[in-house]
Amino acid sequence: MINNRALKSILDFSALLLFMTSLAHAVTDAGGSPYRTNIRINPITLFMGVFNVDADFVVSDAFTLGPSIGILQGSTELTNNTVQISAWTFGARLNYFFSGDAFMGGWYAAPSFSLVPVSITEVVTSVRFSASQLSFAPGILIGYQFMWSGGINFNFGFGATYYSTPSKFTTKMDGSVSTKTTTTPSFAGVFPQVDLSFGWAF
């Protein structure tokens, strides 16, 4: 059963979305969008150690396409050893706006695909083991874009992404042919994808 505090949070969030939608109508009702490019950043991922930036370029009335670049830095404790994990994401995202007009606000579907070079390092009694691997991450989400005058926008969506990164790496000792198996938090499988990005269109 939903308690009063949770219910209040849901109502407050719903009211905020309605308010943002009413403001966004000023742009939606003004005719075709004057914007051709949108730069977006998702500040929520910064709390998870991930920095991500996207660029969207209009390729037709209802479609935008652009690059997506991200950086992940993290570490995990493993039986008195610290495993450092770093990764880049290089990919692209396509946005289809159901209204037929890009950068006018409204619902969108966004398939994406990224290459993910992953590097890990584990230090065992002052001996360094490391490995790297190229993984991939296709995804899809459905969201809603709020667009205001001046090109300021907010994108709110949910979906899923599949990561092929393994949970175990065969790491090699620096300067040696010796290897060991290093276990990392599992990044393999399907994970929720959230779009809570702020953008500027121009």
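Residues numbered from 1 in each chain as written. Predicted model: local features only at pLDDT ≥ 70, side-chain atom pairs only at ≥ 80, totals over all residues. Heavy atoms only, no water.

A complete count under the given rule lists 1 cavity of 30 Å³ or more for this structure. For the largest cavity, the full set of lining residues is Arg40, Asp56, Arg93, Asn95, Phe97, Phe103, Tyr108, Gln145 and Asn155. Examining the composition of the lining of the largest cavity, we find that 3 residues originate from one element, strand S4 (residues 81–97), more than from any other. (1 Å grid on protein atoms, 1.4 Å probe; cavity = no way out; pocket = protein on both sides within 12 Å on 5 of 7 lines; lining within 4 Å. Points joined across faces, edges and corners; volume = space filled by probe spheres on them. Helix = DSSP H or I, 4+ residues; strand = E, 2+ residues; numbered from the N terminus.)

Before going further, it helps to spend a moment on the pairing of strand S5 (residues 106–124). Note: S5 against strand S6 (residues 127–147), 19 bridges, orientation antiparallel. Each bridged residue has a counterpart across the sheet, and for valine 123 the counterpart in S6 is arginine 128. Counting the residues that bridge the hairpin from S5 to S6 gives 2 residues, and of these threonine 125 lies at a positive phi of roughly 45°. (Pairing = 2+ DSSP bridges.)

What follows deals with the confidence of the model for the chain. Mean pLDDT for the chain: 80, with 77% of residues reaching 70 or above. Put simply, helix H1 (residues 4–28) is where the chain has its lowest mean pLDDT, 47, and strand S1 (residues 37–41) is where it has its highest, 96. Low pLDDT, under 50, characterises residues 16–30; the predicted model gives this stretch 15 contacts beyond four residues in sequence or across chains. (pLDDT = per-residue confidence, 0-100. Contact = heavy atoms within 4.5 Å.)

In this section: the side chain of asparagine 42. Position of asparagine 42 relative to the elements: it lies in the loop between S1 and strand S2 (50–58). Among the residues examined, asparagine 42 registers a relative accessible area of 9% and is labelled buried. At 3.5 Å, the side chain of asparagine 42 forms a polar contact with the backbone oxygen of valine 194. Leaving out residues up to four positions away in the same chain, asparagine 42 has contacts with Asn52, Val194, Asp195, Leu196 and Ser197. (Buried < 20%, exposed > 50% of the residue type's maximum accessible area, 1.4 Å probe, protein only. Polar contact = N/O pair within 3.5 Å; in protein donor to acceptor, adjacent residues only side chain to side chain.)

Tallied over the full model, the rule gives 16 aromatic pairs. Relative to phenylalanine 156, the ring of phenylalanine 154 has its centre 6.5 Å away and its plane inclined at 25°; by these criteria the two rings are stacked. Phenylalanine 156 gets classed as buried once you look at its relative accessible area, which sits at 18%. Between phenylalanine 154 and phenylalanine 198 the ring centres are 4.9 Å apart and the planes differ by 45°, which places this aromatic pair in the tilted class. Taken as a pair, phenylalanine 154 in strand S7 (residues 152–164) and phenylalanine 198 in strand S10 (residues 188–201) lie far apart in primary sequence, 44 residues in all. By relative accessible area, phenylalanine 198 is classed as partly exposed at 48%. In this structure an aromatic cluster arises from ring pairing among Trp107, Tyr144, Phe146, Trp148, Phe154, Phe156, Phe158 and Phe198. (Phe/Tyr/Trp six-rings, centres within 6.5 Å; stacked < 30°, edge-to-face > 60°.)

All right, on to the side chain of serine 33 then. Summarising the element assignment, serine 33 is placed in the loop between H1 and S1. Looking at serine 33, its side chain comes within polar contact range of the main-chain nitrogen of tyrosine 35, at 3.2 Å. For serine 33, the side chain forms a polar contact with the main-chain oxygen of phenylalanine 103, separated by 3.1 Å. Those residues within four positions of serine 33 in sequence are excluded, and the remaining contacts are Ala102, Phe103 and Met104.

Unusually for a residue other than glycine, phenylalanine 103 sits at a positive phi of about 60°. Tracing the backbone through its elements, the reader meets phenylalanine 103 in the loop between S4 and S5. Assessed through its relative accessible area of 0%, phenylalanine 103 is described here as buried.

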